[in-house]
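# Residue-level structural notes
Read off the chains here:
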Amino acid sequence: MANVREANTPPTGPMAVPVSVLRLPRGPDGSGRGFGPSTQRPRRDPPPEVTEATRAIQRARAALRRRFLLCLVAARGQRVTFVLCQRVRVNAVLGAAWVPGGTEGGGSDGGAAVAFQVDALQTPLGVQKAALLRGGDVVAFGFQVGGK
């Protein structure tokens, strides 16, 4: 019995845990606060030239993004049919959609919906009270305009 008590008592001394330490090199000024202003830095490529074709593409993409966002606003609270991968169709009430801005992750251009929050999701296996559909799984969605 005495051996069991000794095994359950915490160690009294400090435990030696190996921790790796990464030491960064000091800057040329010796202070360790970065590199001097005269240090050579890698050159950056100049920004691409903005042509009329580039502007036209940007205008078209902005118009399509605006239409998509207006469609999401109109679909909010409506019964929506989602077509998922493998041609699975589900019905739900659209609650919200996460469409990232230009600085967040998401599609290659930041215009794709990352996720859809839905209520009363009707699947082939049953009804879920609430769910989150991944944007990459949604092939298409549709809803009746003006009706609930």
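What counts, and at which threshold
Residues numbered from 1 in each chain as written. Predicted model: local features only at pLDDT ≥ 70, side-chain atom pairs only at ≥ 80, totals over all residues. Heavy atoms only, no water. Pairing = 2+ DSSP bridges. Helix = DSSP H or I, 4+ residues; strand = E, 2+ residues; numbered from the N terminus. Buried < 20%, exposed > 50% of the residue type's maximum accessible area, 1.4 Å probe, protein only. Axes fitted to C-alpha atoms, helices over the stretch in contact; angles between N-to-C directions. Contact = heavy atoms within 4.5 Å.

The name given to the protein chain in an unreviewed UniProt entry is Gem nuclear organelle associated protein 7, with Gallus gallus as the source organism.

### Quick look at the pairing of strand S4 (residues 126-134)
Sheet topology places strand S3 (residues 115-123) next to S4; eight bridges connect them, and they run antiparallel. Its bridge partner being in S4, Val118 is matched across the sheet by Ala131. Linking S3 back to S4 in an antiparallel pair, the connection comprises two residues.

### Re the environment of Phe68
Topologically, Phe68 is positioned in helix H2 (residues 52-75). In this structure Phe68 comes out as partly exposed when scored by relative accessible area, which is 23%. For the pair formed by Phe68 and Ala112, sequence separation is 44 residues and the distance between their alpha carbons is 9.2 Å.

### Points about the sheet that holds S4
Pairing is antiparallel in the open sheet, where five strands are placed in the order S4-S3-S2-S1-S5. Lying at the two open borders of the sheet, with one neighbouring strand each, are S4 and strand S5 (138-143). Averaged over all neighbouring strand pairs, the angle between strand axes comes to 35°, with direction disregarded. Two strands pair when backbone bridges link them, and strand S1 (residues 79-84) and S5 are joined in this way by five bridges, in the antiparallel orientation. Among the inter-strand pairings, Val80 is bridged to a residue of S5, identified as Phe143. H2 rests against S1, strand S2 (89-98), S3 and S5 of the sheet, and its axis sits at about 55° to S5.

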